[in-house]
Every structure is written in C-alpha cells, then in structure tokens.
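# Remarks on the overall topology
Given next are the chains, with one letter for each unit.
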Amino acid sequence: MKKIEITPVAIADIKPRSHQPSSHVIQLRGSHQGPRFETLPPLSLYVHIPWCIKKCPYCDFNSHQEPNEGLPEARYLRALEADIEASLPLIWGRSIQTVFIGGGTPSLFSPEAIDQLLASIRARLKLAPGAEITLEANPGTFEQNRFQGFKDAGITRLSIGIQSFQERFLKALGRVHNGAEARKAVEIGVNLFERVNLDIMYALPEQTIADALQDVAIALTYGISHLSFYHLTLEPNTYFHRYPPPLPDEDEASHMQENIEEKLLQAGFNHYEVSAFAKTKQESRHNLNYWQFGDYLGIGAGAHGKISFADKVIRQHRYRQPEQYMQSALKGNSIQGEQVVGASDIGFEFMLNALRLREGVPAILYEMHTGFPLSNLSPILNIAVQRGWLEPDPTILRPTPLGFRFLNDLLELFLPSVE
C-alpha cells in the first residue's frame, strides 16, 4: 500500500551534492546555532502495523508476510503501548491533531485490536477534538461487520489500497484481491465512512492511457472525495527492480498523468499535492501536516518520527523487524536510531515537503516550523524565482506550474553540499 512515513512520497533520485558549494547551495547564516521555536508545530501520530497477506513485487515499505501461526496481535499491542509510554516525555502536554494507522495492512488486525489500540492512545495521549483518525485497508480484508467494528472503534477516515479495478493489472501487480473485491470494498467503505481515500497506480505493466482512464472513471462512480494516484516506480530491493516488467515509456506515462489530472479536474477535484486529489475541504489533514513540516511521533516496527523542541529538531526510527521491535519496545526502548536535524539539512527537508503542495505554504510557516529565519534561504529563493520555478510573491512559498512540472530540479537547488 502506498503511504507516507518519514518524507512523504519522496522525490526520486535527489542526492546530496558532492562538489564544493556554489552560488546556489544553501549557506545558512548563523548555522552554528540551533533553531528557536516560539510555538511548536502541530503534532500527529503515525502507527505502523507491518504485516500483509503477502509482499507485493513493487513494494519497498517495511511490510512482512503474515506468519503461518497468525498475527501476534496481543503482543504487538502491548509493544505499541510501551512505545507510547516511553515517548511521553518527548511530547508531554502536546495535543495529537491526527492519527494515521498504516502498514503493511492494518485492516488485518481485528476490530477488537484496533479498538484496544485507540483506547490505549486516548488513555495516554491528548487527542484534539475532532482529530482525524485514518486506517489503511486492503480489499482482500473487507467484510461488512469487520469494518463496522473499525468505525465503532473510532476510525473516521478509510484509505483503501485499490491500485486498479482491472483484473489483469491486479494480477500483474501481485495483488491478493480481484476487481470484484475492489468494487465491493469501495461500496462498503463509502457506505460506512464519510471520508474515504482510494490509492490507485498508473503506468502499470502494458497499461494504456485508455486503461488508466478506465480506473479513474470507475473510481468516480462511487462519489469518492479523495484520490491518490501514484506512478509505479521500480524501487530498489523489490522483485520488480530485479525483474522489471514491461512498463509504458516516459512519454506515455506523462500523457497518462496529464489525462488523469484533466479528468479529475473536470470532476471537481483539486490537484493539491503531487499525487493527491481532493474535493473542497476533503484533503488529508494528516498528510498536510507532513507536507507543512509539522511534527509526528512514529510508533511501530520501522516507524519514523520528527519531533521539535525549543532548541532542536530530532528524527527517530524504530527497529524494522517486528520481532526485534516487540522485544525492544517491551524492554522500554524501541528506538534504533535518533539524530538532530542539522541547520544545513532543515531547509531542504522543509522544501522537499512544502513544495509538493500545488498552492505552496505561507512563507511565515518556514520560520514557525523550522525555527530558522527564511532569510537564510534568500540566495536560493532568488535563483528559483529567476528560473521561473517559484512564485515571486514574498508572502508565499509556491512552485509555478513550470516549477511543479520540474519539481526535482527545483528541489535540487536546496540540497546541502557534501564537502
């Protein structure tokens, strides 16, 4: 399933510069000093459940095939509870604005387990009134009573990994569900939940533009308010990377994207992020917090987090292997690694996220969410404006249509140098 963890839908092939700094490499003023926050950014919670029925050949996420002896629900829940409790000193007194339960396939867990998980979260953390609580699900796990149970537990938004409604593409992708199950899943989802997202992929093996538009047409028949369209990419350490399937060429994939955008625009969707489309006021609040460089506590096997303090920003990552994670979390320390985000990196990280938004972000958000003045980036911003990639309005950080089209090139301007 496509989702977001540490860097939302990371831009491909962007690497640090290895040459000496040039006129368009960030030179942060006062970079020896740490950030200073007057108000900390909004805080979200990401919960990772790492098991799937089977591993898809294109998937590079931290997912593992369901054990033959069954899912260790009870033990994993205890580990998540211990993980939250160990993290409390880092976020004491802060409200959780959104919760996202991702995977893997979280819907493999029983409604009772999800209910217990949310009860544990409510008992230990301060959930904001009306907090958005999203659960990722796959069609192969859908049952009417099961998903009614998830809604009763407190799930407010469902994200369904459809990928395609068409049988031949589902088989090519190694999905465990078929087209009929995909349709049934969406029917159940929209009948139970007010807010539903569908993940769909394009540029699939031997797919044509007409094929891609057929998936768009089917999705629109259900009255969905949010759609995520992802270009299939051959990620390292996947089966497809080792044994590439016959994919559409770059020009055809680009035409697919343009046609998808046009159809969704006609249907009243706003293309608000590189891969995300939403009706008015139906954007994913959780993902917006990522893209606006908000904070998030990540718990669960392999989960990443970003947490701001008065004078620093840290990133954490948990142990990836489920067994190692459970053992470590139950002993009081699930964190495999932690680092302070340096002054030379934070500008790039902010822009990597914020410039994915078609409407950009208010310029004031940079200082509010990084703790550094935007003037540090003035030389880079001027170059981006001169090249026609960034809007000249000083009150907003927003890519132009040209900059949105060549987002990789725009983001490369903000890469810190490697001496």
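Residues numbered from 1 in each chain as written. Predicted model: local features only at pLDDT ≥ 70, side-chain atom pairs only at ≥ 80, totals over all residues. Heavy atoms only, no water.

### A word on the overall build of the protein
- Across its full length, the protein holds 15 helices and 16 strands.
- By its C-alpha atoms, the protein is 55 × 50 × 40 Å across when sized along the principal axes.
- Sorting the 419 residues of the protein into buried and exposed places 57% on the buried side.
- Taking the contacts inside the protein whose residues are at least 6 apart along the sequence as the reference set, 75% of them involve residues at least 24 apart.
- When the accessible surface of the protein is split by element, carbon and sulfur atoms take 49% of a total near 17,800 Å². (Helix = DSSP H or I, 4+ residues; strand = E, 2+ residues; numbered from the N terminus. Buried < 20%, exposed > 50% of the residue type's maximum accessible area, 1.4 Å probe, protein only. Contact = heavy atoms within 4.5 Å. Areas by Shrake-Rupley, 256 points an atom, 1.4 Å probe, with all protein chains shown as cover.)

### Describing the pattern of salt bridges
- The full count for this structure, using the stated rule, is ten salt bridges.
- Here arginine 124 ties to glutamate 85 by a salt bridge, and the two come within 2.8 Å at their closest N and O atoms. A residue pair is termed long-range when its members are at least 10 positions apart, and arginine 124 in helix H2 (residues 111–124) and glutamate 85 in helix H1 (residues 73–91) qualify at 39 residues.
- In this structure glutamate 85 comes out as partly exposed when scored by relative accessible area, which is 43%.
- Salt bridges sharing partners connect three or more residues here, namely Arg94, Asp295 and Lys306. (Salt bridge = Lys/Arg side-chain N within 4 Å of Asp/Glu carboxyl O.)

### Some thoughts on the nonpolar core
- In terms of nonpolar packing, the biggest core is built from 71 residues, with Phe165 and Leu198 touching the most fellow members.
- Sort the elements by how many residues they give to this core and H1 lands first, with seven residues. (Core = buried A, V, L, I, M, F, W, Y, C linked by side-chain atoms within 4.5 Å.)

### As for helix H11 (residues 343–354)
- Taking 1.5 Å as the rise per residue, H11 with twelve residues should run 16 Å; its terminal C-alpha atoms sit 17 Å apart, in good agreement.
- Among the twelve residues that make up H11, ten are buried, leaving the element largely enclosed by the rest of the structure.
- Regarding H11, the residues found buried are Ala343, Ile346, Gly347, Phe348, Glu349, Phe350, Met351, Leu352, Asn353 and Ala354. (Expected span 1.5 Å × (residues − 1).)

### Brief notes about the packing of aromatic side chains
- Within the structure shown, the criterion is met by 13 aromatic pairs.
- Ring geometry for tryptophan 51 and tyrosine 76: centres 5.0 Å apart, planes at 75°, overall edge-to-face. Of this pair, tryptophan 51 sits in strand S2 (residues 51–52) while tyrosine 76 sits in helix H1, and the two are 25 residues apart along the sequence. Here the two residues tryptophan 51 and tyrosine 76 agree in accessibility, since each one is buried.
- A ring pair is formed by tyrosine 76 and phenylalanine 109, whose centres lie 6.2 Å apart and whose planes are at 85°; its orientation type is edge-to-face. In this pair, tyrosine 76 is assigned in helix H1 and phenylalanine 109 in the loop between strand S4 (95–103) and H2, connecting sequence segments 33 residues apart. One exposure class covers both tyrosine 76 and phenylalanine 109, and it is buried.
- Every member of this aromatic cluster is reached through a ring pair, and the members are Trp51, Tyr76, Phe109 and Tyr325.
- Taking NZ or CZ as reference, lysine 306 lies 4.2 Å from the ring centre of phenylalanine 293, over its face. (Phe/Tyr/Trp six-rings, centres within 6.5 Å; stacked < 30°, edge-to-face > 60°. Lys NZ or Arg CZ within 6 Å of the ring centre and 35° of its normal.)

### Quick notes on the pairing of strand S1 (residues 43–49)
- Burial runs high along S1: seven of the seven residues are buried.
- On S1, burial covers both faces: Leu43, Leu45, Val47 and Ile49 on one face and Ser44, Tyr46 and His48 on the other are all buried.
- Taken together, the seven bridges between S1 and S4 define a ladder with parallel strand orientation. By the bridge assignment, leucine 43 is partnered in S4 with isoleucine 96. (Pairing = 2+ DSSP bridges.)

### Some thoughts on the state of the cysteines
- This model, assessed by the stated rule, comprises zero disulfides.
- No disulfide involves cysteine 56; its nearest neighbouring cysteine sulfur is the one of cysteine 59, lying 6.3 Å away.
- For cysteine 56, a relative accessible area of 13% puts it in the buried group.
- Just so you know, cysteine 59 is unpaired, no disulfide at all, and the nearest cysteine sulfur is the one on cysteine 52, 6.3 Å from it. (Disulfide = S-S within 2.5 Å.)

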